[in-house]
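What follows is each chain in one-letter form.
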Amino acid sequence: MARFTARALANVALVKYFGKRDTELNLPAAGSLSIALEPLATTTTVEFDEALPADRVALDDAPAPSEFAARVSRFLDLVRDRAGTSLRARVKTANEFPTAAGLASSASGFAALAVAASGAAGLQLGDSELSALARRGSGSACRSIPGGVAVWEAGVDPDGHDSIARRIAAPDELDLRVVVGIADAGPKPLGSTTSMERVRRTSPYYRAWVESTASDLEVAAAAVADRDYARLGEVAERSALGMHAAALAARPGILFWNGTTVAALRCIRELRAAGHGVWFTCDAGPQPKALCRSADEPAVAAAFEQLAGIEQVIRCRIGGGATLIG
Ligand code: 2P0
């Protein structure tokens, strides 16, 4: 069978996904909004081969760790079921950014895998079907299928057909950059599913978090339509802080930040007070992310570079959707 290669970008949520209504199908409790980050890309090649007794998975040119390979195989089972095949596959995946950089690669990884594997299996899926498929690998991966500025609707259907991401703005429609600071390149101490489930089960703030996310999503989508960067930045900050507040209040509490993260968030607010168009966000880890206008990017990157504890600064622009490249 043919060999298919796809490339997909990581994304950062400005309105966060944090909590599931279905852990098996990765259905979120609330919608979210993200931007795709060029150049944080994963490239994945898939080839089904009748000579293979088992799936063979390589990550960055070496055999993948067994947990990673098992997660890829479980995802391929979804594709095999749909295509009516039992053939095993050769999968080669590589991140264009260092896997150890402490940035989540599951969104770009499962989006690229969904596109390459469905193509290699002979499935002809539209963007909505690809988004729903990628979501099964990792929730946030559904937003990397359309890329640009994407909204992932929570949906109401128990089977998840309506829980897909769609693009609400193309990459060149917004004047926005994301400057990522690496505050700790080590592996995440807690997986996203584990932390989300702990927050859902034990945080007294969880319900308030889910309720506030629905209205934040409306405000953020309107701000994108109006090109109202200040409004979008404000919502991004409050969504990030709300998510971290809900996590801090879980039992036991989850503290994703380190001292460098806090210093960076304060630094961003100081830059804003000095007149720069910059706002922060932060995911389920310690890396601070600055959302800024392109004119403010040099000042933001320079400030991050001077901050003690920041190991690396990565400048990103808004990128496109997942595509077949070979
Ligand atoms: C997001 N995060 O919206 C949120 C904000 C982290 C914090 O989506 O369990 O790897 O595979 O569905 O997508 C990271 O979690 O979680 C994430 P699973 P995923 O970007």
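Everything below is about the structure printed above this text.
Presented here is an overview of the structure given in this document. (Residues numbered from 1 in each chain as written. Predicted model: local features only at pLDDT ≥ 70, side-chain atom pairs only at ≥ 80, totals over all residues. Heavy atoms only, no water.)

**Some remarks on the overall build of the protein chain**
Looking only at helices and strands, the protein chain features 9 helices and 14 strands. Taken against the 2.2 N^0.38 rule, which gives 20 Å for 326 residues, the C-alpha radius of gyration of the protein chain at 19 Å falls within 12% of a compact globule. Across the 326 residues in the protein chain, those meeting the buried criterion constitute 53%. Taking contacts inside the protein chain between residues at least 6 apart in sequence as the whole, the part at least 24 apart equals 75%. Total accessible area on the protein chain is roughly 13700 Å²; 51% of this is exposed by carbon and sulfur atoms. Side-chain charges in the protein chain split into 35 positive and 37 negative, and the spacing between the mean points of these groups amounts to 3 Å. (Helix = DSSP H or I, 4+ residues; strand = E, 2+ residues; numbered from the N terminus. Rg over C-alpha atoms; globule rule 2.2 N^0.38 Å. Buried < 20%, exposed > 50% of the residue type's maximum accessible area, 1.4 Å probe, protein only. Contact = heavy atoms within 4.5 Å. Areas by Shrake-Rupley, 256 points an atom, 1.4 Å probe, with all protein chains shown as cover. Lys, Arg positive; Asp, Glu negative; His and termini not counted. Charge placed at Lys NZ, Arg CZ, Asp CG, Glu CD.)

**Digging into the site of the ligand**
Residues in close proximity to the ligand total 17 residues, the closest being Tyr17, Lys20, Gly139, Ser140 and Thr193. A distance of 2.6 Å separates an oxygen atom of the ligand from a polar atom in the side chain of Lys20. In the model, an oxygen atom of the ligand is placed 2.6 Å from a nitrogen or oxygen of the Thr193 side chain. For the ligand, the protein covers 95% of the area, taking 470 Å² as the surface of the free molecule. In terms of residue count, the dominant contributor to the shell around the ligand is helix α5 (residues 192-202) (3 residues). Taken together, the residues that form the shell around the ligand break down as 5 nonpolar, 7 polar and 5 charged. (Near = heavy atom within 4 Å. Polar contact = N/O pair within 3.5 Å; in protein donor to acceptor, adjacent residues only side chain to side chain. Nonpolar A, V, L, I, M, F, W, Y, C, P; charged D, E, K, R; others polar.)

**Some thoughts on the packing of aromatic side chains**
Scanning all chains against the criterion turns up 3 aromatic pairs. Judged by centre distance (4.6 Å) and plane angle (65 degrees), the rings of Tyr17 and Trp152 are edge-to-face. Here Tyr17, found in the loop between β1 (3-15) and β2 (20-22), pairs with Trp152, found in strand β8 (residues 149-152); they are 135 residues apart in sequence, far enough to count as distant. Taking the centre distance of 6.4 Å and the plane angle of 90 degrees together, the rings of Phe18 and Phe256 count as edge-to-face. Residue Phe18 is located in the loop between β1 and β2, and its partner Phe256 is located in the loop between α7 (229-248) and α8 (259-273); the two are separated by 238 residues in the primary sequence. The same class applies to Phe18 as to Phe256, namely buried. (Phe/Tyr/Trp six-rings, centres within 6.5 Å; stacked < 30°, edge-to-face > 60°.)

**Some points on the pairing of β1**
Of all 13 residues in β1, 10 are buried; the element is thus mostly enclosed. One ladder, built from 12 bridges, connects β1 with strand β4 (residues 32-49); its direction is antiparallel. Across the sheet, Phe4 pairs through a bridge with Val46, a residue of β4. Note: β1 against strand β14 (residues 323-324), 2 bridges, orientation antiparallel. Paired with Arg7 across the bridge in β14 is Thr323. (Pairing = 2+ DSSP bridges.)

**Focus: the side chain of Ser203**
Counting through the fold element by element, Ser203 comes out in the loop between α5 and α6 (206-226). For Ser203, the contacting residues outside a window of four places in its chain are Arg198, Ala246, Ala249 and Ala250.

**What about α8?**
For α8, spanning 15 residues, the distance from its first C-alpha to its last is 21 Å, which sits close to the expected 21 Å at 1.5 Å a residue. Among all positions of α8, only Thr260, Thr261, Ala264, Leu265, Cys267, Ile268 and Leu271 are buried. For α8, the buried positions fall inside an angular range of 155 degrees around the axis, keeping them on one side. Facing away from the buried surface of α8 by more than 90 degrees, the exposed residues are Gly259, Arg266, Glu270 and Ala273. Buried residues along α8 sit in contact with α7, β11 (278-282), β12 (288-292) and α9 (297-306). Its side-chain oxygen placed 3.0 Å from the backbone nitrogen of Thr260, Asn258 serves as the N-cap of α8. Phi turns positive one or two residues past the end of α8, at Gly275, with a value near 110 degrees. (Expected span 1.5 Å × (residues − 1). Arc of directions from axis to C-beta.)

**Re the nonpolar core**
If you look at the biggest cluster of nonpolar residues, it comprises 32 residues, and the most contacted ones within it are Val46, Phe48, Leu76, Val79, Val91 and Leu113. Among the elements of the structure, β1, β4, β5 (56-59), α1 (66-83), β7 (88-95), α2 (106-120) and α3 (127-137) are those that each provide at least two residues to this core. Ranked by the residues each element gives to this core, the list is headed by α2, at 9 residues. What Val79 contacts, discounting residues up to four positions off in sequence, is Phe48, Ala117, Ser118, Ala121, Leu123 and Leu133. Among the nonpolar cores identified, the runner-up in size contains 31 residues, and Leu37, Leu40, Ala169 and Val235 belong to it. (Core = buried A, V, L, I, M, F, W, Y, C linked by side-chain atoms within 4.5 Å.)

**Observations concerning unusual backbone geometry**
For the peptide bond that leads from Glu38 to Pro39, omega is 15 degrees, which places it in the cis range. Its location among the elements puts Pro39 in strand β4. Pro252 follows Arg251 through a cis peptide bond whose omega is -5 degrees. Among the structural elements, Pro252 can be located in the loop between α7 and α8. The phi torsion at Asp61 lies on the positive side, around 70 degrees, for a residue other than glycine.

Function cannot be read off these values alone, since they describe shape.
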